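Results of the structural survey
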Amino acid sequence: MSQATHAAPGASLYAQRRARLAAQLGPDAVAIVPTAPERLRNRDSEFLFRFDSYFHYLSGFAEPNAWLLISSDGHTTLFCQPKDLEREIWDGIRLGPEAAPEALGIDAAFPVTELDQRLPKMLENKSTVWYPFATHQGLEGRVDTWLKAVRARVRYGALCPESQRDLCAVLDEMRLVKDAYELDVMRRAARISASGHVRAMQLCARMLRAGQDVREYHLDAELLHEFRRHGSQSPAYGSIVAAGANACVLHYRADNAPIRPGELVLIDAGCELDGYASDITRTFPANGRYTAPQRALYDLVLAAQQAAIDATRAGARFVEPHEATVKVLSQGLLDLGLLDRHKVGSVEDVIASRAYFRFYMHRTGHWLGMDVHDCGSYVEPGEVGRVSERKDPLSGELIKDRPSRILQPGMCLTIEPGLYVRPADDVAREYWNIGIRIEDDAIVTHEGCELISRDVPVNPDEIEALMRP
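Predicted, not measured: the structure shown is a model, and the values here were computed from it.

1. Points about the confidence of the model for the protein chain
When pLDDT is averaged along the protein chain, the result is 96, and 98% of the positions lie at 70 or above. Considering only residues more than four positions removed or in separate chains, one finds that residues 1–5, a stretch of pLDDT under 50, has 6 contacts.

2. Description of the nonpolar core
Leu21, Leu78, Leu219, Ile267, Phe284 and Leu419 are the most contacted members of the largest nonpolar core, which totals 102 residues. Considering every element that reaches this core, the biggest residue donor is helix H8 (residues 180–209), with 16 residues. With 17 residues, the next largest nonpolar core counts Ile32, Val129, Leu147 and Cys160 among its residues.

3. Focus on the sheet that holds strand E14 (residues 280–285)
Read across the sheet, 3 strands follow the order E10-E11-E14 without closing on themselves; strand pairing throughout is antiparallel. One side of each edge strand has no neighbouring strand; the edge strands of this open sheet are strand E10 (240–243) and E14. The sheet shows a mean angle of 10° between the axes of neighbouring strands, taken without regard to direction. In the sheet, E10 pairs with strand E11 (residues 264–269) via 4 bridges, with the strands oriented antiparallel. For Val241, the partnering residue across the bridge sits in E11 and is Ile267. Where helix H9 (residues 216–229) meets the sheet, it contacts E10, E11 and E14, and its direction lies at approximately 150° from that of E10.

4. Regarding the pairing of strand E4 (residues 67–71)
With 5 of its 5 residues buried, E4 lies for the most part within the structure. Here strand E1 (residues 29–34) pairs with E4 via 5 bridges, running antiparallel. Bridge pairing in E4 places Val30 opposite Ser71. Sheet topology note: the E4/strand E5 (residues 76–80) ladder contains 4 bridges and is antiparallel. Opposite Ile70, over in E5, you have Thr76 as the bridge partner. From the end of E4 to the start of E5, which pair antiparallel, there are 4 residues, and Gly74 there has a positive phi angle of about 90°.

Reading guide: rules and limits
- All residue numbers refer to positions counted from 1 along the written sequence of the respective chain.
- Only residues with pLDDT of at least 70 are given local features in this predicted model, and only at 80 or more are side-chain atom pairs given and counted; all residues enter the totals for whole chains, interfaces and linings.
- The basis for every side-chain value is the complete set of heavy atoms in the structure, and neither hydrogens nor water enter the calculation.
- Confidence scores labelled pLDDT are given residue by residue by the predictor and lie between 0 and 100.
- For this analysis, residues touch if any pair of their heavy atoms sits within 4.5 Å.
- To form a nonpolar core, buried Ala, Val, Leu, Ile, Met, Phe, Trp, Tyr and Cys residues must be joined to one another through side-chain atoms within 4.5 Å.
- Only protein chains enter the area calculation, which uses a 1.4 Å probe; residues under 20% of their type maximum are buried, those over 50% are exposed, and those in between are partly exposed.
- Where helices and strands are cited, they refer to DSSP runs of H or I of at least four residues and of E of at least two residues respectively, numbered from the N terminus.
- Here, any two strands with at least 2 DSSP bridges between them count as paired.
- In this analysis an axis means a line fitted to C-alpha atoms, helices contributing only their contacting stretch, and an angle means the value between N-to-C directions, from 0 to 180 degrees.

Have a look at this one:
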């Protein structure tokens, strides 16, 4: 794949986003957006800092300890770390408030040390204050403190904001449909991640052929090496490298378990590139050859994924790919004897009773973007008031259903059916401890969807060919 570097977007892209946001705030309103806090890993060592997605989406600014204020007239103010030569020797160069306006295309910037002093005045005479609810611990308390200071000035004619609104609702809708820049980054991230999966498959087979001890962490290391080698800043999430029975644990993390010939290996891993995630899962035979039972289950999951892909298109509902997946898997479970049709009935009965749930217990996809489980409502906004109730056949819980989201071009989601077969008296032993998931990243288009992660194959014959010497 190409090693060419790509330029970061100009300040105008972020200015356009801020202008779109400002236009939705209403008159005399202000939005407060903090970045993520730095977090200690142990004692005085910190985790690698990762900015808040909302904050970065609006600013492109990657330093910690920063805040963004956007008024309904479009005026943008940044609070950031002041220049400090001594700290910069240890922690790196800071942009500083003096250089920030020109570099970031904003109107004003101040040292973050002045935040508490300046915020009350900036909230004074505003009607509404917006901030992301339930995302930053302690933020609501700080807003209350600033508003209390505003209220203390009412005798001098100051007006205190009368309403507080959740900024997530507006920003989630903005982020749900990706622009051309975002789609370009996500395509590149998917290519990098796919190359990591290919290398991990090949390494696994090569080490086993050489008679070497292969562990899950060997493949995890190959993924990390490939991600970083192509410019990714980090994995988008903790990589899952699960050998054998470990693949039946949905959120298993790469550990030190041995990988043995004859087992399947499930890798769910993706890199983050320039703030955007990829998310790919492949399940392959450790030594490069599927057994007959493995192949039977794999073919079923692949057929379910294809049904979901065919159902993913502009104008369809978000739930339709999942419904297509469940129908194919349910029929396949009956055909393979994993579900006894004399006990569970027809495929329609299996779906109605959710008898498939013991083998397939997650949804077929989720939004993808700056966060691996990206923001955005799964309910169609104009149909929120249409509610129906049903009783879950497994838990007995009363569930309120609302119309599923209508897919639009530029929305990005994963398509990831799976099957997980644990040992049980009513399950043929040949299927025990087989866990399979196949996951691709998709961009919704007018014609259907664009799969951006197929640089690593899903066809089992192609996977076997890839792993041969």
